[in-house]
Amino acid sequence: MTTRRHALALLVLTGCSNQGPEPPPFTEPTATGPLVEITDFDANGKASPPASVSSVRLDGEQWRARLTPLGFSVLRMSDTELAFTGKYSNHHETGIYQCAGCGTALFSSKDKFESGTGWPSFTAPIAATNIQDGEDGSRREVRCHRCYGHLGHVFPDGPPPTGLRYCINSAALRFVKINF
Ligand code: FE
């Protein structure tokens, strides 16, 4: 009996180690920062008028508790995931990509395109209010407006209608399926 229990425990442990870290269940973040204008989207993907909400400012330990190790590296340390390794680089369901850190809607599947780069690529954010961009050396960096998490970069070589390519890390995103 003891041997069978040990074998079962080993099976469970082996199974866990092969699956890779899953993010903890998403919960609404504690909102502590200054107010920011954010556009919210309902379960059907319909936008509400922009409204003031508290920005999300957490310390390092609080972010680590909310994110996978890779999510923390990308969102809070401005790291970049390896090309073709992210779960949304070859992902074609319809829906909204939210910030993995705070849940803010960031991109729509309607604006996703195949860039061939190995990172999820979009021609536009879902709402201009919900992202921030700024200088990062020679590139323009893209961040979540509500929690200031690093998402990726935007380049001027995208397809119509914008001519922009938002090159975003899968690890910074959380997909919510919607039948548009
Ligand atoms: Fe965020």
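The following paragraphs examine the structure supplied in this document. Everything numeric here is computed off the predicted structure, so don't read it as measured data. (Residues numbered from 1 in each chain as written. Predicted model: local features only at pLDDT ≥ 70, side-chain atom pairs only at ≥ 80, totals over all residues. Heavy atoms only, no water.)

## Concerning the coordination of the iron ion
At the metal site, the iron ion is ligated by Cys 99 (SG), Cys 102 (SG), Cys 144 (SG) and Cys 147 (SG), and these contacts range over 2.3 to 2.4 Å. Angles of 97 to 117° at the metal separate the 4 donor atoms of the iron ion, which places the site in the tetrahedral class. Written as a sequence motif, the donor arrangement for the iron ion is C-x2-C-x41-C-x2-C. Residue Cys 102 is located in the loop between β3 (95-99) and β4 (105-108), and its partner Cys 144 is located in strand β8 (residues 139-144); the two are separated by 42 residues in the primary sequence. For the pair formed by Cys 102 and Cys 144, the shared burial category is buried. (Donors = N, O, S within 2.8 Å, 3.2 Å for Na, K, Ca; no water. Tetrahedral: all angles 85-135°; square planar, octahedral: opposite > 155°, others 65-115°. Helix = DSSP H or I, 4+ residues; strand = E, 2+ residues; numbered from the N terminus. Buried < 20%, exposed > 50% of the residue type's maximum accessible area, 1.4 Å probe, protein only.)

## Side note on the sheet that holds strand β5 (residues 112-113)
One open sheet holds the 6 strands; their spatial order is β5-β6-β10-β9-β8-β7, and the pairing between them is antiparallel. Only two strands of the sheet have a single partner each, and these edge strands are β5 and β7 (131-136). Of the pairings in the sheet, the one linking strand β9 (residues 150-155) to strand β10 (residues 165-168) comprises 4 bridges and is antiparallel in character. Residue pairing across strands places His 153 opposite Cys 167, the latter belonging to β10. (Pairing = 2+ DSSP bridges.)

## Points about the packing of aromatic side chains
When we look at a pair of aromatic rings, we describe it by the centre distance and by the angle of the planes. Going through the model one piece at a time under the given rule, you end up with 6 aromatic pairs. Aromatic pair Tyr 88 and Tyr 97: ring centres 5.3 Å apart, planes at 80°, arrangement edge-to-face. Arranged with centres 6.2 Å apart and planes meeting at 50°, the rings of Tyr 88 and Phe 175 form a pair that is tilted. Taken as a pair, Tyr 88 in the loop between α3 (69-77) and β3 and Phe 175 in strand β11 (residues 173-177) lie far apart in primary sequence, 87 residues in all. Each member of the pair, Tyr 88 as well as Phe 175, is classed as buried. Among the aromatic residues, those joined into a ring-pair cluster are Tyr 88, Tyr 97, Phe 107, Phe 122, Tyr 166 and Phe 175. Positioned over the ring face of Phe 26 is Arg 66, at 5.3 Å from the centre of the ring. Looking at Lys 110, its charged tip hangs above the ring of Phe 180, at a distance of 4.2 Å from the centre. (Phe/Tyr/Trp six-rings, centres within 6.5 Å; stacked < 30°, edge-to-face > 60°. Lys NZ or Arg CZ within 6 Å of the ring centre and 35° of its normal.)

## Some words on the environment of Pro 161
In this structure, Pro 161 sits in the loop between β9 and β10. A relative accessible area of 78% means that Pro 161 is categorised as exposed. Residues Pro 161 and Ala 124, spaced 37 residues apart in sequence, show a C-alpha to C-alpha distance of 9.1 Å.

## Points about the nonpolar core
One finds Leu 106, Phe 107, Leu 151, Tyr 166 and Leu 173 to be the most contacted residues of the largest nonpolar core, which totals 27 residues. At the level of elements, α3, β3, β4, β8, β9, β10 and β11 are the ones that each hand at least two residues to this core. Per element, the largest residue contribution to this core is 3 residues, and it comes from α3. Not counting residues up to four positions away in its chain, the partners in contact with Leu 151 are Leu 75, Leu 106, Phe 107, Ile 131, Val 142, Arg 143, Cys 144, Cys 167, Ile 168, Asn 169 and Ala 172. (Core = buried A, V, L, I, M, F, W, Y, C linked by side-chain atoms within 4.5 Å. Contact = heavy atoms within 4.5 Å.)

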